[in-house]
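# Fold and geometry: a report
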Amino acid sequence: MRQSTLSADDLIWPLFICDGHGQREPIPSMPGVERLSIDLVVEAVGEAVALGIPAVALFPSTDQRLKSPECLEAINPENLVCRAVRAVKAAHGHRIGVICDVALDPYSSHGQDGLVRDGYVVNDETVEMLCRQAVVQAEAGCDVIAPSDMMDGRVGAVRRALDAEGFEHVQVLAYAAKYASAFYGPFRDAVGSAANLGGGDKRTYQMDPANSDEALREVALDLAEGADAVMVKPGMPYLDIVRRVKDAFGAPTFVYQVSGEYAMLAAAAANGWIDRDKAMVESLVAFKRAGADGVLTYFARDAARLLQHA
Ligand code: PBG
């Protein structure tokens, strides 16, 4: 009778990377999640492989001294995320897919995802940087480029840039319907961009939480520009969007259970107010029921372990 099922194969595990060796840094607003130095990221990815998780998404926590308004560290082939991708691929090869964000926020001193001119995040100049960032990450061995910046026209531009450099096999997973959400707060702590952003927000390029039709227009554009898969983000407050996107396009549709959603569940569970394991699995099955083909979730490892024994 059961219509939806959940397995490790549905899960993508986002990991935060920091400098150093043997380094583990807890993230206070995401209890149970840590930033890991590259050697420990390689180890964690090994666990993911063993559990049958098909892909990980790597996010760098960049040294504040390397951040600048022009975000040049984003296109440095030796930056933290590129080094991590190379190490993960050297250790695990084709046994797991590696996804990298394309956006400038880990590298910008102002915390925005794009270049800022006269107080405004400018679209076209940003897109040029994103193309260079995508190519540098593909050169490092990344399998899937995931533009998360929400600039207009970036999916097509990134696709052309990748093809021009011989990376036609690298896929594009577009953060197509990404809302300007309060639920990203703990992520910005994790990658250290919260302070850079200060009181700022991303409402000039991320979507208005009140809009639903706009999500379909955004997804249509990204698919037309060559996205291999699309994503809705955040997850639980936007299940209606996941369903509309899946029904309208039938494309591979991913959903991101973001940091704030993780934090809510983890905090309530830590207080004994909800059952952690049950709430975790229920939240993930809900994404499948809504039509998602896969879920990015900080619970990926825990859920995969639990499912192994289920
Ligand atoms: C960066 C990016 C964000 C997330 C993924 N990539 C934050 C933002 O847009 O401010 C959020 C992920 C999460 O909250 O777990 N563009």
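Moving on, we get to the nonpolar core. Ranked by size, the top nonpolar core spans 112 residues in total, and within it Phe16, Val56, Leu58, Leu162 and Tyr256 carry the most contacts. A total of nine residues in this core trace back to one element, the largest contributor, which is helix H3 (residues 123-140). Here valine 56 is in contact with Ile12, Trp13, Leu15, Val45, Ala48, Ile96, Gly97, Val98 and Ile99, once residues within four sequence places are set aside.

A few words now on the environment of isoleucine 12. By secondary structure assignment, the location of isoleucine 12 is in strand S1 (residues 11-18). We classify isoleucine 12 as buried; its relative accessible area is 5%. Discounting chain neighbours no more than four positions away, the residues touching isoleucine 12 are Ala55, Val56, Ala57, Ile99, Phe254, Val295, Leu296, Thr297 and Ala300.

Summed over all chains, the structure comprises three cavities of 30 Å³ or more. The space that makes up the largest cavity amounts to roughly 130 Å³. Lining the largest cavity we find 17 residues, and of these Asp105, Lys178, Tyr184, Phe187 and Lys233 sit closest to its centre. The class makeup of the residues in the lining of the largest cavity is seven nonpolar, three polar and seven charged. Space inside the second largest cavity adds up to approximately 40 Å³. In terms of lining residues, the second largest cavity is bounded by Leu58, Pro60, Val81, Cys100, Asp101, Ala103, Pro106, Tyr107, Gln133 and Gln137.

Attention now goes to the pairing of strand S9 (residues 171-178). For S9, a buried count of seven out of eight residues is recorded, marking the element as mostly surrounded by other parts of the structure. Strand direction decides the pairing type here: strand S8 (residues 144-147) and S9, joined by two bridges, are parallel. When the bridges of S9 are listed, isoleucine 145 appears paired with valine 172. Read from S8 through helix H4 (residues 154-164) to S9, the crossover connection turns out right-handed.

What follows is about the packing of helix H2 (residues 80-92) against H3. Across the interface, H2 lies against H3 with an axial gap of 8 Å and an inter-helix angle of 30 degrees. It follows from the interaxial angle that H2 and H3 lie roughly parallel. Considering the relative orientation of H2 and H3, their crossing is right-handed. Here H2 contributes Val81, Cys82, Val85 and Arg86 to the contact with H3, which in turn contributes Val136, Gln137 and Ala140. The residue inventory of the contact of H2 with H3, partitioned by class, reads five nonpolar, one polar and one charged.

In the region of the ligand, 17 residues are neighbours, and Lys178, Arg188, Lys233, Ser259 and Tyr298 sit closest. Within the contact set of the ligand, a nitrogen atom lies 3.3 Å away from a side-chain nitrogen or oxygen of aspartate 105. Measuring from an oxygen atom of the ligand, one finds a side-chain N or O atom of arginine 188 at 2.7 Å. Contact with the protein chains removes 100% of the 400 Å² of surface that the ligand exposes when unbound. Mapping the ligand onto the cavity grids shows that it belongs to the largest cavity.

Cut-offs used in this document
Residues numbered from 1 in each chain as written. Predicted model: local features only at pLDDT ≥ 70, side-chain atom pairs only at ≥ 80, totals over all residues. Heavy atoms only, no water. Core = buried A, V, L, I, M, F, W, Y, C linked by side-chain atoms within 4.5 Å. Buried < 20%, exposed > 50% of the residue type's maximum accessible area, 1.4 Å probe, protein only. Helix = DSSP H or I, 4+ residues; strand = E, 2+ residues; numbered from the N terminus. Contact = heavy atoms within 4.5 Å. 1 Å grid on protein atoms, 1.4 Å probe; cavity = no way out; pocket = protein on both sides within 12 Å on 5 of 7 lines; lining within 4 Å. Points joined across faces, edges and corners; volume = space filled by probe spheres on them. Nonpolar A, V, L, I, M, F, W, Y, C, P; charged D, E, K, R; others polar. Pairing = 2+ DSSP bridges. Right-handed = clockwise from strand over helix to strand, strands pointing away. Axes fitted to C-alpha atoms, helices over the stretch in contact; angles between N-to-C directions. Parallel < 35°, antiparallel > 145°, perpendicular 65-115°, else oblique. Left-handed = near helix turned anticlockwise from the far one by under 90°. Near = heavy atom within 4 Å. Polar contact = N/O pair within 3.5 Å; in protein donor to acceptor, adjacent residues only side chain to side chain. Areas by Shrake-Rupley, 256 points an atom, 1.4 Å probe, with all protein chains shown as cover. Sits in = over half its atoms within 2 Å of the grid points.

Geometry only, nothing functional implied.
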